[in-house]
Number of protein chains: 4
Amino acid sequence: MPTIPVILDVDTGVDDALAILFAVKHPDIDVLAITCVAGNASLEQVVDNTLKILDVADAPAIPVAAGALRPLIEPARSASHVHGADGLGGIQLPATARVAETVSAVELMRRTIMDAERPVTLVALAPQTNLALLLRTHPEVAEKLERIVFMGGSASVGNATAVAEFNVWHDPEAAAIVLGSGVPTFMYGLDVFNQVAVEQDAAAAIAAGDDAVGRIVGALLGNRVALSEDATAQYTGLIGDAGAVCALVEPETLRIENRPVRIELGGYGRGQTIVDMRVYGGEDLLHGLAEEWTNIDIALDVDAPRYAELFLETLGLK
Amino acid sequence: MPTIPVILDVDTGVDDALAILFAVKHPDIDVLAITCVAGNASLEQVVDNTLKILDVADAPAIPVAAGALRPLIEPARSASHVHGADGLGGIQLPATARVAETVSAVELMRRTIMDAERPVTLVALAPQTNLALLLRTHPEVAEKLERIVFMGGSASVGNATAVAEFNVWHDPEAAAIVLGSGVPTFMYGLDVFNQVAVEQDAAAAIAAGDDAVGRIVGALLGNRVALSEDATAQYTGLIGDAGAVCALVEPETLRIENRPVRIELGGYGRGQTIVDMRVYGGEDLLHGLAEEWTNIDIALDVDAPRYAELFLETLGLK
Amino acid sequence: MPTIPVILDVDTGVDDALAILFAVKHPDIDVLAITCVAGNASLEQVVDNTLKILDVADAPAIPVAAGALRPLIEPARSASHVHGADGLGGIQLPATARVAETVSAVELMRRTIMDAERPVTLVALAPQTNLALLLRTHPEVAEKLERIVFMGGSASVGNATAVAEFNVWHDPEAAAIVLGSGVPTFMYGLDVFNQVAVEQDAAAAIAAGDDAVGRIVGALLGNRVALSEDATAQYTGLIGDAGAVCALVEPETLRIENRPVRIELGGYGRGQTIVDMRVYGGEDLLHGLAEEWTNIDIALDVDAPRYAELFLETLGLK
Amino acid sequence: MPTIPVILDVDTGVDDALAILFAVKHPDIDVLAITCVAGNASLEQVVDNTLKILDVADAPAIPVAAGALRPLIEPARSASHVHGADGLGGIQLPATARVAETVSAVELMRRTIMDAERPVTLVALAPQTNLALLLRTHPEVAEKLERIVFMGGSASVGNATAVAEFNVWHDPEAAAIVLGSGVPTFMYGLDVFNQVAVEQDAAAAIAAGDDAVGRIVGALLGNRVALSEDATAQYTGLIGDAGAVCALVEPETLRIENRPVRIELGGYGRGQTIVDMRVYGGEDLLHGLAEEWTNIDIALDVDAPRYAELFLETLGLK
Ligand SMILES: [Ca+2]
Ligand SMILES: [Ca+2]
Ligand SMILES: [Ca+2]
Ligand SMILES: [Ca+2]
């Protein structure tokens, strides 16, 4: 099987760090470029974290570029109270000699896609501002893409709000642009994201082990989200965005349905990925009210232990 | 146990017919009045169906009044393609000598509530237009109510649209008014509504039996919703709105959670009952964006066979 | 000319006080009833102010009823910082022996309209909550109405917000219900409301004069709206809602156009009366996007000195 | 006075053609680049029209680049029924040897702004999609801009809808991004746009004259907008977008006010430039509801004959 050429769009972030490590280490994935966007952390911090994680992964020279400082329409919002000022929950990584490209994320994406020998898979692990800017500024890239795989959305409960997942909520207009682009799209949302975890004992053992990568991975897995100044969430051990990258190489363990989706841009539900899970249509169809939906593939269930195992195996931690 | 004094607000309709029969027949429920609203059928048809069903139930003289012809803001929409022109799927009921009150539904509700010896439970089995008009015109009734029990909404998938249940979708502003009224509220939504059914063989046997009520009940259970001019849905055998009345007398077989709820009035999700099922709050709390939610009790699961049994037992059909 | 039978719906308030005085005193107007709603002041205060103003006018026994405590959907909002805690800018009126009816505003309206010998003109000088409740609870009144005349809206600049006038902004859903009722409707909005004033010297002379009614009228005309705790607006001398009542008896001095209107319910412009003043339609027509507008008569200009004169003459102050 | 370095962003289009001719011919304006966007015509047609108009103007080599094919969120909509399939009302222009740049509009803008010796004025005469993409992809350009001058919006009546002007209505999110960019912004909207016209006789004489440019200008001035398949609007003779370019060199004949503005993104008024023209704030301020407005300079009135004269003089037609 030939490798899968990908561009990762990230807001590194604990979740993205795990995903980058996995993508770089997996033999079937060829990371052509990484683009950065503000989200879990400020853009500057995201770029810095991304470069340092590439060192941790002992990655070859992968071009990294800085992208959007803020969402299209939503006000810029700091997430530092959740993920720490550095977005990595305070995990200190050594300084790096790697530097970001001087071109913008959009230009690095465009160039990489247009120059690639095979259609590229865009893997979005963050608010989709960069992707939206790319697709509107350079619509010619659409037909050179294999597909877009994004971590985001939910067909059930949200996290940023009752119904909205963080990445989509952070820039709903960007997600609407991506969903309407006509590029085949795969959604790895909270329905599966919240399932794939490494058990606390295992993560602790990895964190305390001799392997340099393992110590970082263990610390990242052990990171607990801040709920407020005084409270942190319980241990989850989620492999996070890495699960969306697992889906590139082992889609067969997912339950995937092709469903109509629409991004909610108005109302209290702003940022919701409305997924139509009905067996029959309803009054919306009878009264001609249900237009402009996009059908995409959505991961609804996962063999969670297998993904956790795949993750650890790929990083040589099992 | 003393009886539970209730007012039923209905858009009879197959679902409501089953609920009225059950309520009238159950010894622990005292139906003080029935108010009608346009929804599944036109107001005129709803009143007619309601009076005739009271005959089927051999009910005592229960006052029935006509209410709102249309939703507060939504355009009036016919549902006759779904439930047939008569809202009862074409089941012919004999003419009745009963007549509706000359006062409006709102006035009948007001009078009944204010005159009742004990606090009344308002059971809304239809779009909540009448309740909203009552609560805004006569807010003094609120403190004389025991609680509001409504069939409607969903904490998961919708039916009228991907996320909206019919009764709430039909008049979202009315639902918002009811939810914000301060009256303790219990939601019996699609999460449970879609579970409680009589099996097809059993329903057919009841329909073919000797019991007069049974023949009607069997026909109602066998009714299949029209999806379009040419297609009908599969047999479901749902007892429908009757389940919400079962919840009055056997709440202990339900899994009930007290959750924050808000009615979506804007966007594509208009008519959604947004239920916050999260364990932790998210960015909405951190950024102070999540105000004005109302906590209500929501039925999330049900011992479905028990409710089907309770329904049939109460009607003497088991 | 026979008298014009009217019901006044008010949130008395300085503006409404002037309008009630004018309506009661004008020989061509027959005030059948007055209904009260929360707006410029709390409902309790509005009722009290209304009864007392009827004493000032030496009015016959006109039935007064209390209506809605709050808007349909909008949160209840106090306007006491604008109009003073009593809504009359602190003007003390003597206690009254008049009492309000025990029936609701909606019932008083219904009864008055249905019992009237000739079609009634509903004059709405306040947020239109009562009218909306009436039209949805008792739609049969619509065809017994001559027309609805409302003070509210604007075809140009707003006052509550940049584009929304207070009465419509306070309850936009109510205004949408009224506008969509099919009853012929006349809008007396800010375009004319802000023009009709009594000059400061004249008002001061009236306030200092011997006439008992004049002293009250002068004080009301001299009232200056509070902008904040520390600042009041400049003297305006507006006759306010009284202008809308002048329009009943002297419409010929108004420039009136029949225009499509829609109430903005969403977005930043919530509460705007969008009036289509274009000569030609635009992209909205070409793309079929402009449905569900209602054509109503709108006063766009007024012979302001004449209305000020009419007002003072009618009250015997000129 | 040194020349004013500008980039024109256009959707040529009759209006833009007049503006390009004026800008190129005026000695105080230095057109550094022209960027194209879909709007009045398809992107391909806009680029073609723009290159041909530069020939008409006998312009030096000005770089022209193609930009966005469609708005950010709004669906792509053809305006060919209004402006003819070619956007120039059927006026045939000779073929041109000029060709567009191979880089995107966003890149041409970025490069031109960053390389300019003096701060550049961005003159937007079309939907603001290109500007929005530039400002989000390359926010560093903001501080190198002198200001943004845009034709669009209205402080009074709209044209695309009752309240929305075409350029803003065509891409409201783009306008919101531009308005929120922090770059000093000047709005030349319908309030002045609809005033500046050449009289029909004068335009006819120019169209029939010997001057090659004059024949084109006369034909453009004589163009009448199609209202439907069968009807065209009356002659207006508007110089259109050229007025916004006049404002660069003769701002002193405008009445300009600095006012809070917000782009309506929701509701029926979507695309409206809500301008706060009030003397005092209202309930929005008292209740803390009026945040996130941007103050910009707005042209509210113009010495229309002077602008028409300036336009013709500059083109040597008077
Ligand atoms: Ca991420
Ligand atoms: Ca029902
Ligand atoms: Ca008033
Ligand atoms: Ca243009």
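What counts, and where the lines are drawn
- Residues numbered from 1 in each chain as written.
- Chains lettered and ligands numbered in written order.
- Predicted model: local features only at pLDDT ≥ 70, side-chain atom pairs only at ≥ 80, totals over all residues.
- Heavy atoms only, no water.
- Donors = N, O, S within 2.8 Å, 3.2 Å for Na, K, Ca; no water.
- Helix = DSSP H or I, 4+ residues; strand = E, 2+ residues; numbered from the N terminus.
- Pairing = 2+ DSSP bridges.
- Axes fitted to C-alpha atoms, helices over the stretch in contact; angles between N-to-C directions.
- Contact = heavy atoms within 4.5 Å.
- Buried < 20%, exposed > 50% of the residue type's maximum accessible area, 1.4 Å probe, protein only.
- Least-squares fit on C-alpha atoms with pLDDT ≥ 70 in both.
- Salt bridge = Lys/Arg side-chain N within 4 Å of Asp/Glu carboxyl O.

- Under the annotation held in an unreviewed UniProt entry, chain A carries the name Pyrimidine-specific ribonucleoside hydrolase and is attributed to Microterricola gilva.

1. As for the coordination of the calcium ion (ligand 1)
All names here are of chain A.
Thought 1: The protein atoms that coordinate the calcium ion (ligand 1) are Asp-11 (OD), Asp-16 (OD), Asp-16 (OD), Leu-125 (O) and Asp-241 (OD), at distances spanning 2.2 to 2.5 Å.
Thought 2: Site description for the calcium ion (ligand 1): donor spacing in sequence, D-x4-D-x108-L-x115-D. Highlighted residues: Leu-125 in the loop between strand 4 (120-124) and helix 5 (129-137) and Asp-241 in the loop between helix 10 (212-222) and helix 11 (242-249), separated in sequence by 116 residues.

2. Comments concerning the sheet that holds strand 4 of chain A
Residue and element names in this part refer to chain A.
Thought 1: Read across the open sheet, the nine strands follow the order 3-2-1-4-5-6-9-7-8; overall the sheet is mixed. A single partner strand is all that each edge strand has here, and the edge strands are strand 3 (64-66) and strand 8 (273-275). When strand polarity is set aside, the average angle formed by the axes of neighbouring strands in this sheet is 30 degrees.
Thought 2: Inspection of the sheet shows strand 1 (residues 4-10) paired to strand 4 by four bridges, in the parallel sense. Residue pairing across strands places Leu-8 opposite Val-123, the latter belonging to strand 4.
Thought 3: Against the sheet, helix 11 touches strand 1, strand 2 (29-36), strand 4, strand 5 (145-151), strand 6 (185-188) and strand 7 (254-263), its axis set at about 145 degrees to strand 5.

3. Focus on the pairing of strand 6 (residues 185-188) of chain B
All names here are of chain B.
Thought 1: Across the two faces of strand 6 the burial is the same, with Thr-185 and Met-187 and Phe-186 and Tyr-188 all buried.
Thought 2: Where strand 5 (residues 145-151) lies against strand 6, four bridges are found, and the strand directions are parallel. In the strand pairing of strand 6, Ile-148 is matched with Thr-185.
Thought 3: Direction of pairing for strand 6 relative to strand 9 (residues 294-302): parallel, over a ladder of two bridges. Paired with Phe-186 across the bridge in strand 9 is Asp-297.

4. Quick notes on the sheet that holds strand 7 (residues 254-263) of chain B
Within a sheet, neighbouring strands are paired by backbone hydrogen bonds and run either parallel or antiparallel to one another.
Residues and elements named next belong to chain B.
Thought 1: Reading across the sheet, the nine strands line up as 3-2-1-4-5-6-9-7-8 and stay open at both edges, with mixed pairing between neighbours. The open sheet has two free edges, formed respectively by strand 3 (64-66) and strand 8 (273-275), since each of these has just one partner strand. This sheet shows a mean twist of 30 degrees between the axes of neighbouring strands, independent of strand direction.
Thought 2: As paired strands, strand 2 (residues 29-36) and strand 3 are joined by three bridges and run parallel to one another. For Ile-34, the partnering residue across the bridge sits in strand 3 and is Val-64.
Thought 3: Across the sheet, helix 7 (residues 172-179) touches strand 5, strand 6, strand 7 and strand 9, and the angle it forms with strand 7 is around 110 degrees.
Thought 4: Seen against the sheet, helix 11 (residues 242-249) touches strand 1 (4-10), strand 2, strand 4 (120-124), strand 5, strand 6 and strand 7 and runs at an angle of roughly 145 degrees to strand 5.

5. Here we look at the relation of the copies chain C and chain D
Thought 1: The transformation that overlays chain C on chain D combines an axial shift of 0.0 Å with a rotation of 180 degrees, and the residual RMSD is 0.0 Å. Interpreted geometrically, this transformation is the action of a two-fold axis. For chain C, the minimum C-alpha distance to the rotation axis belongs to Gly-267 of chain C and amounts to 2.5 Å.
Thought 2: An overlap of 100% is found between the interface residues of chain C and their copies at the interface of chain D, pointing to a shared contact surface.

6. Let's talk about the environment of Asp-55 of chain D
Residues and elements named next belong to chain D.
Thought 1: Among the structural elements, Asp-55 can be located in helix 2 (residues 43-56).
Thought 2: In sequence terms Asp-55 and Val-37 are 18 residues apart; their C-alpha atoms lie 20 Å from each other.
Thought 3: Sequence-distant contacts of Asp-55, that is, excluding residues within four places in its chain, are made with Ala-95, Thr-96, Ala-97 and Arg-98.

7. Thoughts on the pattern of salt bridges
Thought 1: Inspection of every chain in the model, using the stated rule, returns 56 salt bridges over all chains.
Thought 2: Where Lys-52 of chain B meets Asp-48 of chain B, a salt bridge forms, and the shortest distance between an N and an O atom there is 3.0 Å. Taken together, the positions of Lys-52 of chain B and Asp-48 of chain B, both in helix 2 (residues 43-56) and four residues apart, correspond to about one turn of that helix.
Thought 3: On the accessibility criterion, Lys-52 of chain B (18% relative accessible area) is buried.
Thought 4: Judged by its relative accessible area of 28%, Asp-48 of chain B falls in the partly exposed class.
Thought 5: Taking the shortest distance from any N to any O, the salt bridge between Glu-257 of chain C and Arg-259 of chain C comes out at 2.9 Å.

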